[in-house]
Amino acid sequence: MESLYNFINETAQLSKESFNLITPFLTEINCKPNTILCKAGDEARYLYFIKSGIIRASVTSKKGKVFTRELYCKNQICGPYSDIIQNGISSYTFETLTDCEIIRSEHKETRKIHHDIPEYMHFKIKMLEYAYTKMERTIINLGTKDAKERYLHLLKRIENIESLIPQYQIASYLGITPIQLSRIRKNLKETNLQPA
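Below you will find a few notes about this structure. Predicted, not measured: the structure shown is a model, and the values here were computed from it.

1. Considering the side chain of S90
Relative to the helices and strands, S90 resides in the loop between helix 3 (81-85) and strand 7 (93-96). For S90, a relative accessible area of 3% gives the class buried. Among the polar contacts made by the side chain of S90, one reaches the main-chain carbonyl oxygen of Y92 at a distance of 2.6 Å. When residues no more than four places from it in sequence are discounted, the contact partners of S90 are C38, K39, A40, G41, D42, A44, P80 and D83.

Spelled out as structure tokens, the structure:
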């Protein structure tokens, strides 16, 4: 739990005493690749802090095509947060793409006590601010950056991602086909723009 405690304290000061009040609702789990943590349509109740590994959030069209909406990595929190707030069902499927070490939060339960822990409430506000800012940046990037720019940004954000997950999953995240991704990679190698 120490990694989560340290992560929280990078954002907001939380005493050990306050952290101990929420630890009964936290569970450390290790998952193999392709483990479904939460399916679209499941009750929205958990959030996940990633100690190591990569998790994706995806949606499936009526025709059965899977679209990767986000990739999460070490020291990030993911899960159907907006659906938890609305006491609804998850809009996304959350799945591990690699071996993952995760701390699962029974977030529906921690919501019941966060008013009693002002420090934790402050952290949650900071977390919401971060999530909103990230969502806004993602929308701007989708509208203003081409696939090559988004790919370069992904390579910087998640170290060694190309050796961790298949190319088709990277292409899905970028909103392009694997063939288009291969062309981008080839072009970057030819122009020496691809990060080492």
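Right, picking up where we left off after that structure.
2. Overview of unusual backbone geometry
Phi at N87 is positive, roughly 55°, even though this residue is not glycine. Relative to the helices and strands, N87 resides in the loop between helix 3 and strand 7. According to the relative accessible area criterion, N87 is exposed, its value standing at 53%.

3. Topic: the pattern of salt bridges
One pass over the full model with this rule turns up 6 salt bridges. K51 is paired through a salt bridge with E28; the nearest N and O atoms lie 2.8 Å apart. Of this pair, K51 sits in strand 3 (residues 46-52) while E28 sits in strand 1 (residues 26-31); the two residues are 23 residues apart in sequence, bridging distant segments of the chain. Its salt-bridge partner being R45, residue E106 comes within 2.6 Å of it at the nearest N-O pair.

4. Quick look at the environment of K145
Looking at the secondary structure, you find K145 in the loop between helix 5 (118-144) and helix 6 (147-157). Relative accessible area serves as the criterion here: at 33%, K145 is assigned to the partly exposed category. C-alpha separation for the pair K145 and R69, spaced 76 residues apart in sequence, amounts to 16 Å.

Parameters at a glance
Residues numbered from 1 in each chain as written. Predicted model: local features only at pLDDT ≥ 70, side-chain atom pairs only at ≥ 80, totals over all residues. Heavy atoms only, no water. Helix = DSSP H or I, 4+ residues; strand = E, 2+ residues; numbered from the N terminus. Buried < 20%, exposed > 50% of the residue type's maximum accessible area, 1.4 Å probe, protein only. Polar contact = N/O pair within 3.5 Å; in protein donor to acceptor, adjacent residues only side chain to side chain. Contact = heavy atoms within 4.5 Å. Salt bridge = Lys/Arg side-chain N within 4 Å of Asp/Glu carboxyl O.

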